[in-house]
Amino acid sequence: MTAPPQWHRDGSLHFAVGVEDTFVPQAGPGQRPIDEYELTEHYAHWHADLGLAGDAGAELVRWGVPWYRIQPGRDRWEWGWLDRVMDRFAELGLRPIVDLMHYGTPLWLEGQFANPDYPERVAEYSARVAERYAHLGFAEYTPVNEPMIHAQFSGEYAYWPPYLSGPEGLSAIVRQLGRGFVLAQRAMREVLGEAAVFVHVDAGQRYAGDVDAPEHREHAARLREQVHLVEDLVTGRVGGSHPLEPFLRANGWSDGDLAWFAADPVHPDVMGVNYYPLHSTEVFEAGVFHSGGFPDPRPARDDGAAGLVELLRAAADRYGAPVMLTETCVTDSVKARVDWLDESVAAVRGLRESGVDVVGYTWWPLFDMYEWTYRHSQAPREAHRLTMGLWELRERGGELARVRTAVADRFRHHATGGR
């Protein structure tokens, strides 16, 4: 009997939700650690939370492993909680697309991404997770979520550990993240074989406005290529003709570094794009310079579904793989969220009708999350809540209640084909 095709090859549009899973457990003076599972009380409510995903009609759940908790010491592994969560996924018939690296490294890994052993350590961890849950039939993994955001926050803006800065810092973290990405995917492929489905995910970024102003032209041109840099590296696309090859060489890369990536590339089975209409299009202004990110943000422009369509089509053309909208939402009222849900689903369906192989749509997150600025603030948790979810988080009786909204009902309508 012939096995049925994997979900990304069956010709259907699959609906997913995500649980916000940023982990930056290191804290310094004036900083608080970020663990979104702790902030949203997902550690306490995980069993019911996964039930909400099923109630919403989702087939897939983008969900991350808190590496720093699963491996609290170099030679210590604590699997109990994760085992229970994975069993719950299986019980509900939900398929997790497992985020293995969603920003944070373990506390014992000195230097974090800059540690010379990081690539081998993340590969070892990834292979262990894949091996442990292969018996459940789980084979969907994202080796690194948004690697260029990682590199900017940890290597260019000095915002997250290891607090490197400037072009050299960015280039160093890109090299480390890219090596870890490749080694992790290779290691998991050895464990899972052809069953593996690797969903690569990066932030869709667009740059508009005065991009051709003399003071911005070179920087804007670099940023437009830089959004693809890690994915281009791991897929073996960065050679002598790549626009950023001179940039890497000028900032510490050798012939050997470039050859390492070209020698044995890895490829996405699905190429994921994260798109937020209120944030994903940054605007350059003549005579005004912003370095970017939370430290010094550029203004943003809402290009709605047009921006979404452009980014998904470009990803399909660039990487020749099925594409998936792996995160989207608006941080706004329930009505605004429902409106964007309808508009974005229609845009994805229109792309499919035009011949673009879009295989998935993800609303992110399943329930509200807390803004990353919480890390550098002393304000109460509630001051940082972002109204993004299908369910809203509200403090009741000393814990966070999950309050269903009309967005959940509308998502279910789309996910179940309007039934």
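Residues numbered from 1 in each chain as written. Predicted model: local features only at pLDDT ≥ 70, side-chain atom pairs only at ≥ 80, totals over all residues. Heavy atoms only, no water.

Q: Even after reading the chapter, I still don't get the overall build of the chain, so can you show me in this structure?
A: Secondary structure summary: the chain contains 14 helices and 16 strands in total. Against the 2.2 N^0.38 benchmark of 22 Å for 419 residues, the chain shows a C-alpha radius of gyration of 20 Å, consistent with a compact globule. Taken along its principal axes, the extent of the C-alpha atoms in the chain is 55 × 55 × 50 Å. Residues classed as buried in the chain amount to 60% of the 419 residues present. Counting only contacts in the chain whose residues sit at least 6 apart along the sequence, the fraction spanning at least 24 positions is 75%. For the chain, the exposed area adds up to about 16000 Å²; of that, 50% sits on carbon and sulfur atoms. Measuring between centres, the 40 positive side-chain charges of the chain sit 3 Å from its 61 negative side-chain charges. (Helix = DSSP H or I, 4+ residues; strand = E, 2+ residues; numbered from the N terminus. Rg over C-alpha atoms; globule rule 2.2 N^0.38 Å. Buried < 20%, exposed > 50% of the residue type's maximum accessible area, 1.4 Å probe, protein only. Contact = heavy atoms within 4.5 Å. Areas by Shrake-Rupley, 256 points an atom, 1.4 Å probe, with all protein chains shown as cover. Lys, Arg positive; Asp, Glu negative; His and termini not counted. Charge placed at Lys NZ, Arg CZ, Asp CG, Glu CD.)

Q: Which parts of the structure should I look at to understand unusual backbone geometry?
A: Trans is the prevailing form of peptide bonds, just as negative phi is the prevailing case for residues other than glycine. Across the junction of Pro 161 and Pro 162, the peptide omega takes the value 10°, indicating a cis bond. Residue Trp 364 is joined to Pro 365 through a cis peptide bond whose omega torsion reads 0°. Residue position: Pro 365 is located in the loop between strand S12 (358-363) and strand S13 (369-370). Within the chain, Glu 41 stands out as a residue other than glycine whose phi angle is a positive 60°. Mapped onto the secondary structure, Glu 41 falls in the loop between helix H1 (36-39) and helix H2 (42-55).

Q: How should I be thinking about the pairing of strand S11 (residues 323-327) in this particular structure?
A: Consecutive residues of a regular strand have side chains that alternate between opposite faces of the sheet. Burial analysis of S11 places five of its five residues in the buried class, which makes it a mostly covered element. The sheet contact formed by strand S9 (residues 270-274) and S11 spans four bridges and is parallel. Of the residues in S11, the one forming a bridge with Asn 274 is Glu 327. Pairing analysis gives three bridges linking S11 to S12, with the strands arranged parallel. Considered in S12, the bridge of Val 323 is made with Val 358. With helix H13 (residues 334-353) bridging S11 and the parallel S12, this β-α-β connection has right-handed handedness. (Pairing = 2+ DSSP bridges. Right-handed = clockwise from strand over helix to strand, strands pointing away.)

Q: When you look at the pattern of salt bridges in this model, what are you seeing that I'm missing?
A: Pairing is possible between side chains that carry opposite charge, provided their charged atoms lie close to one another. Per the stated rule, a full pass over the model turns up 35 salt bridges. Across the salt bridge formed by Arg 175 and Asp 257, the nearest N and O atoms sit 3.4 Å from each other. Note that Arg 175 is positioned in helix H7 (residues 166-192) and Asp 257 in helix H11 (residues 255-263), a separation of 82 residues in sequence. Grouping residues by exposure puts Arg 175 and Asp 257 together as buried. The closest approach of N and O atoms between Arg 206 and Glu 310, which form a salt bridge, is 3.1 Å. Taken together, the residues Arg 206 in strand S8 (residues 206-209) and Glu 310 in helix H12 (residues 304-319) connect sequence positions 104 residues apart. Through salt bridges that share partners, Arg 74, Asp 75, Arg 121, Glu 124 and Arg 128 make up one connected network. (Salt bridge = Lys/Arg side-chain N within 4 Å of Asp/Glu carboxyl O.)

Q: Would you explain a negative patch on the surface in this entry?
A: A cluster of acidic residues, Asp 210, Asp 212, Glu 215 and Glu 285, forms a negative patch at the surface. Exposure remark for Asp 210: the relative accessible area of 36% places this residue in the partly exposed category. (Patch = residues over 30% accessible without salt bridge, like charges linked within 9 Å, V, L, I, M, F, W, Y side chains within 5 Å.)

Q: Just to check I follow, could you spell out the packing of helix H5 (residues 118-133) against H7 for this structure?
A: Geometrically, a packed helix pair is captured by the angle between its two axes and the distance between the axes. At a minimum axis distance of 8 Å, the contact between H5 and H7 shows a crossing angle of 30°. With respect to H7, the element H5 is oriented roughly parallel. Of the two elements, H5 crosses H7, and the hand of that crossing is right-handed. Of the residues in H7, those touching H5 at Tyr 118, Pro 119, Glu 120, Val 122, Ala 123, Ser 126, Ala 127, Ala 130 and Glu 131 are Gln 176, Leu 177, Arg 179, Gly 180, Leu 183, Ala 184, Ala 187, Met 188, Val 191 and Leu 192. Of the residues contributing to the contact of H5 with H7, the split by class is 13 nonpolar, three polar and three charged. (Axes fitted to C-alpha atoms, helices over the stretch in contact; angles between N-to-C directions. Parallel < 35°, antiparallel > 145°, perpendicular 65-115°, else oblique. Left-handed = near helix turned anticlockwise from the far one by under 90°. Nonpolar A, V, L, I, M, F, W, Y, C, P; charged D, E, K, R; others polar.)

Q: Is there a simple way to think about the side chain of Thr 416 in this case?
A: Mapped onto the elements of the fold, Thr 416 is located in the segment after helix H14 (406-415). With a relative accessible area of 12%, Thr 416 lands in the buried category. Of the polar contacts made by the side chain of Thr 416, one reaches the backbone oxygen of Arg 412; its length is 2.6 Å. (Polar contact = N/O pair within 3.5 Å; in protein donor to acceptor, adjacent residues only side chain to side chain.)

Q: Hey, could you run me through H11 in this one?
A: Note: α-helices contain 3.6 residues per turn, so residues at a spacing of three or four share the same orientation. Every buried residue of H11 is listed here: Asp 257, Leu 258 and Phe 261. For H11, the angular spread of the buried residues around the axis is 95°, confining them to a single face. Opposite the buried face of H11, by more than 90 degrees, sit the exposed residues Asp 255 and Ala 263. In this structure, the buried side of H11 is in contact with H7, helix H9 (229-234) and helix H10 (245-250). (Arc of directions from axis to C-beta.)

Q: Looking at this structure, I do not really get the nonpolar core. What am I missing?
A: General note: in soluble globular proteins, nonpolar side chains tend to be found buried as a group. Of all hydrophobic cores here, the largest spans 120 residues; its most connected members are Trp 63, Tyr 141, Leu 390 and Phe 411. For this core, the element with the highest residue contribution is H7, accounting for nine residues. Grouped together as the second largest cluster of nonpolar side chains are ten residues, Ala 16, Ile 97, Val 197 and Val 199 included. (Core = buried A, V, L, I, M, F, W, Y, C linked by side-chain atoms within 4.5 Å.)

Q: When you look at the side chain of Arg 298 in this model, what are you seeing that I'm missing?
A: On the secondary structure map, Arg 298 appears in the loop between strand S10 (281-284) and H12. Taking relative accessible area as the criterion, Arg 298 reaches 9% and is therefore assigned buried. Polar contacts involving the side chain of Arg 298 include one to the side chain of Glu 282, which spans 2.8 Å. At a separation of 2.8 Å, a polar atom in the side chain of Arg 298 contacts the main-chain carbonyl oxygen of His 290. Discounting chain neighbours no more than four positions away, the residues touching Arg 298 are Tyr 207, His 219, Leu 223, Glu 282, Val 283, Phe 284, His 290, Ser 291 and Gly 292.

Just geometry here; none of it tells us what the structure is for.
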